[in-house]
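# Examination of the molecular architecture
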Amino acid sequence: MIRQVSIFMENHEGRLNNLLKILAENDINIRSLNIAETMDYGIVRLILQETDKGLGVLKKHNIMSSLTPVLAAEISDQPGGLSILVDALTREKINIVYAYSFLPKKTDNAIIIMRVDDEVLDKAVETLKAVPGINLLDRETLLLK
Amino acid sequence: MYWNKSYECMPREKLQELQLERLKRMVSRIYHDVPFYRNKFQECGIMPEDIQSLADLQKLPFTTKVDLRDNYPYGLFTVPLEQIVRIHASSGTTGKPTVVGYTRNDIATWSELMARSLMAAGARPHSVIQNAYGYGLFTGGLGVHYGAERLGASIIPISGGNTAKQIMIMKDFGSTVLTCTPSYAIYLAEVLKEQGIDPEALKLEVGIFGAEPWSENIRKEIEKKLKIKAYDIYGLSEIMGPGVAIECECQNGLHMWEDHFIPEIIDPVTLEVLPHGEQGELVITTITKEGIPILRYRTRDITKIIDEPCACGRTHLRISRLQGRTDDMLIIRGVNVFPTQIESVLLEVSEVEPHYQLVVRRDGSLDTLEVKVELSETLFSDKISNLEKLERRIKERINSVTGINAKISLVEPKSLPRSEGKSQRVVDLRKI
């Protein structure tokens, strides 16, 4: 399981910049970022190279964050690659809450981060493990990619 | 268990007869003895003889804190000073304090009502009462003290403060009842915890808390932390002091001792008397006070009257837990809104009290209410749809409680301004 750091943020200029500066000043690398926005606020979702250190820094700066368990799957970077994954989940009636890409440095494959509802998380893991061509990554392996 | 069953459980019809008789006597007395009231009566074109039923009370003028200040210190006393045996005063945050005087009979009545109140809240003649209300000009300390002596309980007049000593005495003297403000009770519980003292090891059974508004949530917290039953007591020096109204074992509203006080609820803007069950400003008339009888005193406290019979058997009307002060009231599109109403919705939705701020604006001719709610860890979800659901729930509940369609804004934790730990709850940006 991958630990994603989720942060609530009001939707106006400077807020994201503030967060990024704090992480930069403390030498914490962001491996992946996704922002979901509404009119008034957004949620910033981060995969950090050093999650625990990042959490500590955010806490010190009074930024409320929470950890969300998400899945990371390595798939082939070609047409239809993602479709295999979504197909498998659909067959099991598992809904994807959100998904975004992770940019690997050391592989030509694509990596997708996704969240499913907590109650079907285990089922999603089992399902994806059984699909040939999908490599479900654990925390350490993901961050080495 | 009652202290004075024949009065506490008096059939309502008889109670109302008694009220009317006492009201008539008081009205006639203040008309003749106090120039202030005589002038007010004349301004309203009313004579004491015009009071022939309890409903006629509505014809009489209100009394406010300003009236007490204007007649500082003794102008509203109805007896000469030699008949006054005690003087109390409430701290004036602005200017002079308000002064009240008690005759020997007033002190006896107060002790009686306080004894009834203590009993209703679970104190008994064998109780050991640790009275941590302040002794002095404030009515809290001495009010409880005299009631406890009347009850025959053992009173420890420790007064407020000195927490280390409070805890030592609580342990060593085996106090069974604690009387203080709810906020001090919470503080005591925290110190007990810090010192590693298990409340189960104490003999404390009951807490009687008042002198400041507190919520049902705080009650639960105190009951859990101190392992006691916590009861709400109401009073104000202008009317008497603590013991004007008290919660019984049902913990569902405070019985007001109607053989001595008549409660009414008014709309604080139109001053119209509201029917039972409707929320508004509490107005109290004293009908037996000798030193300083008060006619239709506007307490500025927001509550409602509960007239359904109470399971405890007492026939006296109940007022609901105080909902706030009229000073905090907002009028939005002609609707009276109290910050506490919003607060109770937020409590209900989130289980912990979140920080919030009400922002009132005027767009063209229309008032708008924005409720800013600080997101907490318990409220946060990383799914937008959950946050939207939360906003919708708050919006719907506020609408059903106040009738107002508010805009709900979730804001970052710790982003709302705080003064002394509390948020600045209301920002009114209307330019009228």
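All figures in this text were calculated on a predicted structure; none of them were measured in a lab. (Residues numbered from 1 in each chain as written. Chains lettered and ligands numbered in written order. Predicted model: local features only at pLDDT ≥ 70, side-chain atom pairs only at ≥ 80, totals over all residues.)

### Side note on the overall build of chain A
Convention followed: Secondary structure counts use DSSP, requiring at least four H or I residues in a row for a helix and at least two E residues in a row for a strand, with both numbered from the N terminus. Taken over C-alpha atoms, the radius of gyration is set against a globule rule of 2.2 Å times the number of residues to the power 0.38. Three exposure classes are used. Buried residues have 20 or more other C-beta atoms within 10 Å of their own C-beta, exposed residues have 12 or fewer, and partly exposed residues fall in between, all C-beta atoms being placed from the backbone. Contacts here follow a simple rule: the backbone-placed C-beta atoms of the two residues must lie within 7 Å.
On a plain count of helices and strands, chain A comes out with five helices and seven strands. The C-alpha atoms of chain A give 16 Å as radius of gyration, which agrees with the globular expectation for 145 residues (15 Å, within 12%). By principal-axis analysis of the C-alpha atoms, chain A measures approximately 45 × 35 × 25 Å. Buried positions account for 27% of the 145 residues belonging to chain A. Pairs at least 24 apart in sequence give 70% of the contacts found in chain A among residues at least 6 apart.

### Regarding the interface of chain A and chain B
To keep it simple, the criterion reads: Gly counts as polar in this scheme, as do all residues outside two lists: the nonpolar Ala, Val, Leu, Ile, Met, Phe, Trp, Tyr, Cys and Pro, and the charged Asp, Glu, Lys and Arg.
Listed per partner, the contact involves 15 residues of chain A and 12 residues of chain B. Contributions of two or more residues to the side of chain A that touches chain B are made by strand E1 (2-10), strand E3 (41-48) and strand E4 (65-75) of chain A. A total of four residues in the side of chain A that touches chain B trace back to one element, the largest contributor, which is E1 of chain A. Residues belonging to the side of chain A that touches chain B are distributed by class as follows: seven nonpolar, five polar and three charged.

### With respect to the nonpolar core
The line we're drawing: In this usage, the nonpolar core is the set of buried Ala, Val, Leu, Ile, Met, Phe, Trp, Tyr and Cys residues whose C-beta atoms join them within 7 Å.
Counting 85 residues, the largest nonpolar core has Leu 118, Ala 123 and Val 244 of chain B as the members making the most contacts within it. Every residue in contact with Ala 123 of chain B, bar those within four places of it in the chain, is listed here: Leu 118, Ile 129, Leu 151, Ala 153, Val 177 and Val 206 of chain B. Residues Ile 43, Ile 47 and Ala 72 of chain A together with Tyr 356 of chain B belong to the second largest nonpolar core, which totals 50 residues.

### Concerning the domain arrangement of chain A
Size of an interface, as often reported, equals the accessible area lost when the parts are brought together. All names here are of chain A. The condition that has to hold: Where each domain starts and ends follows an automatic or database-derived domain assignment.
When its domains are assigned, chain A resolves into domain 1 (2-66) and domain 2 (69-144). For the side of domain 1 that touches domain 2, the secondary structure elements donating two or more residues are E1 and strand E2 (30-37). Of the residues forming the side of domain 1 that touches domain 2, the biggest block, four residues, is contributed by E2. Its residues assigned to classes, the side of domain 1 that touches domain 2 comprises three nonpolar, four polar and two charged.

### Some thoughts on the pairing of E3 of chain A
Residues and elements named next belong to chain A. Our working rule: Any two strands with at least two DSSP bridges between them are considered paired.
Of all the eight residues making up E3, seven are buried; the element is thus mostly covered by neighbouring parts of the structure. Here seven bridges tie E2 to E3, and the two strands are oriented antiparallel to one another. Looking across to E3, one finds that Ser 32 is bridged to Ile 47. Linking two consecutive strands that pair antiparallel, namely E2 and E3, is a turn of three residues.

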